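Fold and contact review
Take a look at the letters that make up each chain.
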Amino acid sequence: MKKINPLYLFFILVYANEGLYHLPGQAIYYLTRELWKLDATTMGWIAFISGLPWCIKILFGFIGDKYPSKIKTILISNYIMGVLAYLYIIICGLNVVSLTITGFLISFYVAFADTLNDKQMVVVEQDGNLQGKCQAMQWSAFGAVSVLVSIFGAMLATNFPVAIGYKVGYSIALILPIITLVYFFKWYRPAHQCQPVSFKMFKSELKLFKSRNFLTAILFIAFLMLSPSFGTPLMIYARETLHVNKMFLGYLGATGEVLSIIGYLLYYRYCQKFDLFKMLQFMIIGTVITNLFYLYIPNQWFLLGYNIAFGAFNGMSFLILLNFFVQLVPKNSEGFFYACLTGISNLCGNGSGVLGGMVFDHFGYSATVIVASATTACCLFIIPFLKRSKPC
């Protein structure tokens, strides 16, 4: 019988934390939009600043590669900081400034842990030639928690006053970091104690940035992720034009997450049979088509129908992109280069929220969807310039 890697529990816990920290998210949306009356652009900037730690994962990756023996200490320190940030929100409440600062601190602890997790995930993936299966497992854990987050987040937003609901959400979210800290102290052991990356080796690895294929891959990732997001505009349209109630939106989120998990599992099962670059083309074309459907939403049931129709595709597309990242990463500097790619992706993804908010505030919802679809389609012209390597 094949022995189960003990790091799988670590992967699952880290990604479950990433899912649960979104529990107050719906209450925070209603706080900022419907109580504080912020516009979409301002909401985009708050999310951008709060999410900056996700954009400096390259620094976290370097620390993980340079000091592998300190990974456990770093993880414990980060989770303690996260617990303290949660406690501040629960006790003191939020305003625009404190929302941004505590959002930054919470993102910092989650992003740092995510980077150290991904470093070890890449090692396990490459050593076992798992072809994205490990990622499918940990993102399935994330998706399972996110289903509960969607439903219970909507219940909190519906059954509590806005100013109380988010505090209850953070109180519940606090439980899992505490459990994870206990795991770190008692059971966690990092992946095989590899030697730290020397500055000489690190300098040698930086030559990868001179690679035309690597730079083309970065251009592809940046262009794809910087495409204006219409997530917040869609939420505003659903609430203020279609008048969709909070619980229905929670069920929508849960439906999407369940189907994303199905997408992860389909990817896990069938991905090896297809060429990675054909899968990238499939991802882009499918994303453009599914985006354009959102131009026609006469009522809330169309939102549910689109969720059901496209949910599994969204999950598969996400893992196709992450597996593309893994194929670009050199050995011995997994933490640094994987963090480099995901950091660029996150920076552009956060920027897309600001751009989407600006387009929405100035030109409306439909224009935002059209611009998002058009810019995504342009990525098809970059794929032929990427070097073909392993099949997906």
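Not measured: the values here are computed from a predicted model.

Assigned secondary structure in the protein chain consists of 17 helices and zero strands. Relative to its full complement of 392 residues, the protein chain shows a buried share of 55%. Long-range pairs, those at least 24 residues apart, make up 88% of the contacts in the protein chain between residues at least 6 apart in sequence. About 17,400 Å² of surface is accessible on the protein chain, with carbon and sulfur atoms providing 70% of the total.

Turning to the environment of N323, a few remarks are in order. Note on placement: N323 falls in helix α15 (residues 300-328). Through-space distance from the C-alpha of N323 to that of L276 is 8.3 Å; in sequence the pair is 47 residues apart.

Turning our eyes to something else, we now look at the packing of aromatic side chains. Taken as a whole and assessed by the stated rule, the structure comprises 28 aromatic pairs. Relative to Y294, the ring of F230 lies with its centre 6.0 Å away and its plane at 55 degrees, an arrangement referred to as tilted. Within this pair, whereas F230 is found in the loop between α11 (212-226) and α12 (231-240), its partner Y294 is found in the loop between α14 (276-293) and α15, the two being separated by 64 residues in sequence. As far as burial versus exposure is concerned, F230 and Y294 are alike and both buried. Put simply, the rings of F10, F11, Y79, Y86, Y109, Y170, Y183, F184 and Y188 touch in pairs and so form one group of aromatic residues.

Time to look at the pattern of salt bridges. If you walk through the whole model with that rule in mind, you get two salt bridges. R33 is the salt-bridge partner of E240, the closest N and O atoms lying 2.7 Å from each other. Taken as a pair, E240 in helix α12 and R33 in helix α2 (residues 25-35) lie far apart in primary sequence, 207 residues in all. Residue class for R33 comes out buried when judged on its relative accessible area of 16%.

Turning to the state of the cysteines, a few remarks are in order. All told, the structure shown has zero disulfides when counted by the stated rule. Unpaired in this structure, C55 has its nearest cysteine sulfur neighbour in C348, at a distance of 8.3 Å. The structure places no disulfide on C378, whose sulfur is separated from the nearest cysteine sulfur, that of C379, by 7.2 Å.

Both trends apply: most residues other than glycine have a negative phi, and most peptide bonds are in trans. Despite not being glycine, K37 shows a phi value in the positive range, around 60 degrees. Checked against the element boundaries, K37 lands in the loop between α2 and α3 (40-50). With a phi close to 55 degrees, H243 is a non-glycine residue in the positive phi region. A relative accessible area of 60% places H243 in the exposed class.

Take helix α17 (residues 365-377) next. Helix length check: α17, at 13 residues, gives a terminal C-alpha distance of 19 Å against a target of 18 Å (1.5 Å per residue), a fit within 8%. All buried positions along α17 are accounted for by Y365, T368, V369, A372, S373 and T376. Along α17, the residues classed as buried sweep out an arc of 125 degrees about the axis, all on the same side.

On average, residues of the protein chain score 84 in pLDDT, and 87% of them are at 70 or above. Mean pLDDT across the secondary structure elements of the protein chain bottoms out at helix α10 (residues 199-205), with 63, and peaks at α17, with 94.

Let us now look at the packing of α2 against helix α13 (residues 246-270). The contact between α2 and α13 brings their axes to 12 Å, and the two run at 135 degrees. It follows from the interaxial angle that α2 and α13 lie oblique. Handedness of the α2/α13 crossing: right-handed. The residues of α13 that touch α2, namely those facing Q26, Y30 and E34, are K246, L249 and G250. Of the residues belonging to the contact of α2 with α13, the class tally is two nonpolar, two polar and two charged.

Scoring rules and cut-offs
Residues numbered from 1 in each chain as written. Predicted model: local features only at pLDDT ≥ 70, side-chain atom pairs only at ≥ 80, totals over all residues. Heavy atoms only, no water. Helix = DSSP H or I, 4+ residues; strand = E, 2+ residues; numbered from the N terminus. Buried < 20%, exposed > 50% of the residue type's maximum accessible area, 1.4 Å probe, protein only. Contact = heavy atoms within 4.5 Å. Areas by Shrake-Rupley, 256 points an atom, 1.4 Å probe, with all protein chains shown as cover. Phe/Tyr/Trp six-rings, centres within 6.5 Å; stacked < 30°, edge-to-face > 60°. Salt bridge = Lys/Arg side-chain N within 4 Å of Asp/Glu carboxyl O. Disulfide = S-S within 2.5 Å. Expected span 1.5 Å × (residues − 1). Arc of directions from axis to C-beta. pLDDT = per-residue confidence, 0-100. Axes fitted to C-alpha atoms, helices over the stretch in contact; angles between N-to-C directions. Parallel < 35°, antiparallel > 145°, perpendicular 65-115°, else oblique. Left-handed = near helix turned anticlockwise from the far one by under 90°. Nonpolar A, V, L, I, M, F, W, Y, C, P; charged D, E, K, R; others polar.

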